[in-house]
Every structure is written in C-alpha cells, then in structure tokens.
Amino acid sequence: MAPLPVEVVLGIYLGVLTGIIPALVAWGLGFIFKYVTGVSIPGFGVVVLALAIAGVNGGLLALTDQTVTRQATGPVVVVAILVVLMMSLYAHAKGDAMGAAFPKRVSLQKLRDQTLSADVVELVGGRGQVRVAVVGEVADMEGYPPLPDDIRAEIRDGDWTFPADLPIGELESRFADRLRTEFDCAEVTVSIDERGQATVAAAPPLAGLSKRVPEGHRAVSVDALLPTGLARGDRVTVRTDGGAVDGTVLSAKTGTPPAPTRTPDPPGAAASASGDLSPPAGREERDDDARTDGGTVAEAAEVPPPRAPTTTGGDGRLTVTVPRSDADTLLAADRGRVVVRSRGRRREFELLSLLRRAGKRIRRLTLRADGALDGASIGNASVRETYGVAVLAVRTAEGWAFAPSGETELAPGDELFAIGTRESLDAFAEAVA
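Residues numbered from 1 in each chain as written. Predicted model: local features only at pLDDT ≥ 70, side-chain atom pairs only at ≥ 80, totals over all residues. Heavy atoms only, no water.

**Brief notes about the side chain of Ser377**
Next, step 1: Assignment of secondary structure puts Ser377 in the loop between strand E12 (361-366) and helix H10 (378-381).
Next, step 2: At a separation of 3.0 Å, a polar atom in the side chain of Ser377 contacts the side chain of Asn380.
Next, step 3: Engagement of the side chain of Ser377 in a polar contact is seen with the backbone oxygen of Gly406, the distance being 3.4 Å.
Next, step 4: Residue contacts for Ser377: discarding those within four places in its chain leaves Gly406, Glu407, Thr408 and Glu409. (Helix = DSSP H or I, 4+ residues; strand = E, 2+ residues; numbered from the N terminus. Polar contact = N/O pair within 3.5 Å; in protein donor to acceptor, adjacent residues only side chain to side chain. Contact = heavy atoms within 4.5 Å.)

In structure tokens:
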C-alpha cells in the first residue's frame, strides 16, 4: 500500500484525466442555457452529470491500463472525485458568466464601434489623441484618373491626429472627410485597424475653382490692399470707383505688385476674368489657395483644417464670387478697397457645446431595409418614447425635412439626424441602421 501523500498525488492525477471532458460539458451547458434561456443549471445537476461522465471516463481508462484498477484505493478515488467536481463546478460558473455577458446580437455596427488600442493613444493637452499613420501607397480609385504624385506623398507623409474616444467607423469617416476637404479629392475610402494604421484610396479633384462658384454667380479677381488674416469663405465688400460689391472670398494672394491699368472686359467675360483662376494641371483647385509668403488660405469655413493659414497682409490679388449683375463693376475697376464684413457669432457651435456639456450627442444614421423604421412614420414608431432620442432632420430622395412631424414616412436609405445620449443613440442605431 502506497503512502498517503503518494495516493493524494495519484488521485489528483486521475481526477484531472477523467475531469477534463466533464468540465468542458459543464461549461458548454452553462453557457448555452444562460445565453439562450437566461436560466442557470442547478449545481446539483452539474454534480450528477459530471460524476456520470467521469465514471465512464474512469471505466475506459481502467480498461486500457490495468494498473489504474490496482492503485484505485479509497483515498485515491475520493481525491479524484473531489478534483472532478471542483473542475466541473468552476467550468460551469465560468460558462454561466460568459452566457450572461455575451451580447445577444452581434452586428457589424457593434464591431465598428470599438475604439483603437490603448497602446496607440497619446496624451496631448490633457486629452487622449491617436495618430493615424497611412501604411503602404495611397491607391487610386477605380474609374477615376490617377492621383497626382504630390498629393499622394502629402497624404502618405501627413500628420493625422484625432480624438482617441472615437469608434473606428467614425475615425474612418472623419479621416475621409478631412482628405476631401484639404485635398479636394473627388472620392476617398479609408480603412483603419485597431493599431491606428490606415489604408487609403483616393481620386484626384475633378473640378477647380468653378466647383466653389454658386449658381448665378461669377468669380472675379481684383487687385487690392488685403488685410492680415483674410481667408477663404470670408465675406467682404470691394469698393471701387464704380460702386461697392459684396462677395465671398474664394482665394487671395499677397505680395503681388499692383497690376497696370486694364481695359474693361466685355460682359460675357465675367466667368473668366482672371488668368489666376486656371490652376496648374494635377493640383487644380488647391493651387488657387491664397499663397502668402509660403502660407495658404483656410479651407471652407464649414470644415476648417487645423492651423488654417491666412494672408499676411499687403498688396495682393483677391478672387471673390459675386452675383452676375455685379461682375461688370469689378471687371471695370483697376483697383479695389477691401472691407471685411462681420459674420457674427457662430451660434450653431455654441449650441453643440451646450449639448455636449449636457451629455447629448448628434449622430447621422442611414436606415436599413429590415430596420425597425422601415416603412413606418416617426409618430407610429414612437421614436422618442421607445429609444429616448429625438429626430432633428430627415434627408430623403426628395430633399430635407427639418424638425419632421410624426406623419413623416421613412424608407430604407433615408438619413436621420438624431440627438440623445450615447447609449440611447447606440441602441437606436442598432435597431434602425
């Protein structure tokens, strides 16, 4: 008869051999029952099932190795049974916990809501930021002309930082919007992994200055003394001997000496009043940005890039968009005097700040075909009562509807702009988008 410590070790060994399968079965049953029905299997049932399976395993083990039968004394069997029960009960508890924590619905939206790895977060100014690096070459978009090499290099070597708390899907959208804004790309696709490495494909700009000229307006250039800080999108009044004309800045360039007296152009030439409006091939619209001793004018005021450069002041050339009827006044002038008009305070930004301080967020959602709002109206779906969000605007194929009424019918592909807490918006997006 072996000493007691040896029998205990042998019992642990036999318990591990015969308890692996019962533990796996206990974990699987605990997970499935909790996930599907929300009910936990009683511990007594786990004990009975584990002992039954362990007995079968022990019998098969004894048939293959006769020494197991000879060494299976009382202490060995008791220790083996205790080991089997502990393994099975522990596995059942873990399976039960996983079944309760595992999400009932796993969708692509949930997967895209994950943020980047904490290893790539940088603390800048007390806030977490992530630096997105473009890996590989910037690919061309199928069906578009090749991207110019200088734009490709700027995208690849650029310094792109974003808030660290954004989901990966939102990071991709913001990165693509920023590339469209800064490089006027016709189309951009971005894919970012959890390490902050981006794969980018982009198409070059398909239009130049004309893309920023509204319908019924003309772009006209005039020599003038430009103030410091003038940027694209500023509203100005150009005063000439023939009268004052209100317009919006498209581009500006300082450091240019005053041009000699010009002969007034015919009225039909208003659309091409300045040779500066034809950007060199490959850069198109970006080359008419205001060059101010190495600087560039700010991008559109709606989505300004960081550290937007502006004019440095002095004699220069200004290109503004004006109504067609006012174009002749600027074309006939040798020189103008520029007055920058106030645009007032941006109340929309103040409103967004107040909403964020109150814990509210605004999100754009595109309705899917089988969502909860497919074919329903806002009132019938009880969006506010059911999901705790409010629909601010709806964009359909017919156009925009702001502050839509409850009778507004919704269809797949419609865009909703909803406001609510982050949790409410997540639940609403899971149901409809």
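Once the structure has been displayed, the description carries forward.
**Some details on unusual backbone geometry**
Where the residue is not glycine, phi is negative for most of them; where a peptide bond is considered, it is trans in most cases.
Next, step 1: Positive phi outside glycine occurs at Asp184, with the angle close to 55 degrees.
Next, step 2: Following the sequence through the fold, Asp184 ends up in the loop between helix H7 (168-183) and strand E5 (187-192).
Next, step 3: Its relative accessible area of 10% is what places Asp184 among the buried residues.
Next, step 4: Positive phi is not limited to glycine here, since Ala403 has a value of about 50 degrees.
Next, step 5: Within the secondary structure layout, Ala403 lies in the loop between strand E14 (399-402) and strand E15 (415-420).
Next, step 6: Given the relative accessible area of 65%, Ala403 is considered exposed. (Buried < 20%, exposed > 50% of the residue type's maximum accessible area, 1.4 Å probe, protein only.)

**Structural notes on the environment of Thr189**
Next, step 1: Looking at the secondary structure, you find Thr189 in strand E5.
Next, step 2: In sequence terms Thr189 and Ala202 are 13 residues apart; their C-alpha atoms lie 6.5 Å from each other.
Next, step 3: Among all residues touching Thr189, those that are not within four sequence positions of it are Met141, Thr199, Val200 and Ala201.

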